[in-house]
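The residues making up each chain are set out below.
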Amino acid sequence: TKDTVKNYVEFLKESLHKYNNLNVIICNVPASYNNKTNEVRILFNNYLNKYLSNTNFKLVDLYSLTKDNKETFIDNHHLNFDIYKQLLPEYINLS
């Protein structure tokens, strides 16, 4: 997991560095109501947060927003798109 996340972030940095004024927003993995997968999600998200801290990329912490709120899901696996509509103004300056 650690190397996968590190390589992913490095790939993004290398691929996107040539674009000036690009506002990169990365979402981490939302919570799950399956406790077996939450351990992996937490590990992945911790590594993602660590490696993104060395970049200008912004992180949307979907895990924290979903861990105690089942209403953010449309079923047992998929997020309701409304959560993104709520978050966009916070991360994107539309003016």
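Per-chain numbering applies: the sequence of each chain, read as written, is numbered from 1 onward. For this predicted model, a pLDDT threshold of at least 70 governs which residues receive local features, and a threshold of 80 or more governs which side-chain atom pairs are given and counted, while totals over whole chains, interfaces and linings are taken from all residues. To obtain the side-chain values, all non-hydrogen atoms of the structure were included, while hydrogens and water were left out.

1. Structural notes on the overall build of the chain
At step 1: Tallying secondary structure elements over the chain gives four helices and two strands in all.
At step 2: Mapped in sequence order, the helices and strands of the chain form the string α-β-α-β-α-α.
At step 3: By its C-alpha atoms, the chain is 40 × 35 × 15 Å across when sized along the principal axes.
At step 4: We call a residue buried when its accessible area falls under 20% of the maximum for its residue type, exposed when it is over 50%, and partly exposed in between, using a 1.4 Å probe and counting protein chains only. Each of the 95 residues in the chain was classed as buried or not, and the buried ones make up 27%.
At step 5: In what follows, a contact means two residues having at least one pair of non-hydrogen atoms within 4.5 Å. Taking contacts inside the chain between residues at least 6 apart in sequence as the whole, the part at least 24 apart equals 63%.
At step 6: Per-residue and other accessible areas follow the Shrake-Rupley method at a 1.4 Å probe size, with only the shown protein chains counted as cover for residues. Accessible area for the chain stands at about 7,100 Å²; split by element, carbon and sulfur atoms hold 49% of it.
At step 7: When charges are counted, Lys and Arg contribute as positive and Asp and Glu as negative, whereas His and the chain ends are disregarded. To locate a charge, the coordinates of NZ of Lys, CZ of Arg, CG of Asp or CD of Glu are taken. Across the chain, the centroid of the 11 positively charged side chains sits 5 Å from that of the 10 negatively charged ones. Secondary structure is summarised from DSSP: a helix means a run of H or I of at least four residues, a strand means a run of E of at least two, and numbering begins at the N terminus for each.

2. Re the environment of Asn38
At step 1: As for its placement among the helices and strands, Asn38 is situated in helix α2 (residues 35-52).
At step 2: For the pair Asn38 and Gln86, spaced 48 residues apart in the sequence, the C-alpha separation amounts to 24 Å.
At step 3: Not counting residues within four places of it along the chain, the set of residues in contact with Asn38 comprises Ala31, Ser32 and Tyr63.

3. Let's talk about helix α1 (residues 2-16)
At step 1: Look at α1: 21 Å from first C-alpha to last across 15 residues, which is about the 21 Å you get at 1.5 Å a residue.
At step 2: For α1, the set of buried residues is Val5, Val9 and Leu12. For α1, the angular spread of buried residues about the axis comes to 60°, placing them on one side. Opposite the buried face of α1, at more than 90 degrees from it, the exposed residues are Asp3, Thr4, Asn7, Phe11 and Glu14.
At step 3: Considering only its buried residues, α1 is in contact with β1 (25-27) and α2. Every helix has an expected span of 1.5 Å times one less than the residues it contains. Of all possible arcs, the one meant is that of the directions from the helix axis to the C-beta atoms.

4. Section: helix α4 (residues 82-91)
A turn of α-helix holds 3.6 residues, and therefore any two residues three or four places apart point the same way.
At step 1: By the burial criterion, the buried members of α4 are Ile83, Leu87 and Tyr91. An end-on view of α4 places all buried positions within 55° of arc, on one side of the element. Among the exposed residues of α4, those pointing more than 90 degrees away from its buried face are Lys85, Gln86 and Pro89.
At step 2: Those residues of α4 hidden inside the fold are in contact with β1, β2 (58-60) and α3 (62-66).

5. What about the environment of Ser53?
At step 1: With respect to the helices and strands, the residue Ser53 is situated in the loop between α2 and β2.
At step 2: Residue classification places Ser53 among the exposed residues on the basis of a relative accessible area of 54%.

6. Some words on the nonpolar core
At step 1: Nonpolar cores were defined as sets of buried Ala, Val, Leu, Ile, Met, Phe, Trp, Tyr and Cys residues, with membership established by side-chain atoms within 4.5 Å. Judged by nonpolar contacts, Val5, Val9, Leu12, Val24, Ile26, Leu48, Tyr51, Leu52 and Phe57 together constitute the single largest core of nine residues.
At step 2: Where this core is concerned, the elements lending two or more residues are α1 and α2.
At step 3: Once residues lying within four places of it in the same chain are set aside, the contact partners of Val9 are Leu48, Tyr51, Leu52, Thr55 and Phe57.
At step 4: Within the second largest apolar cluster, seven residues are counted, among which are Leu62, Phe73, Leu79 and Tyr91.

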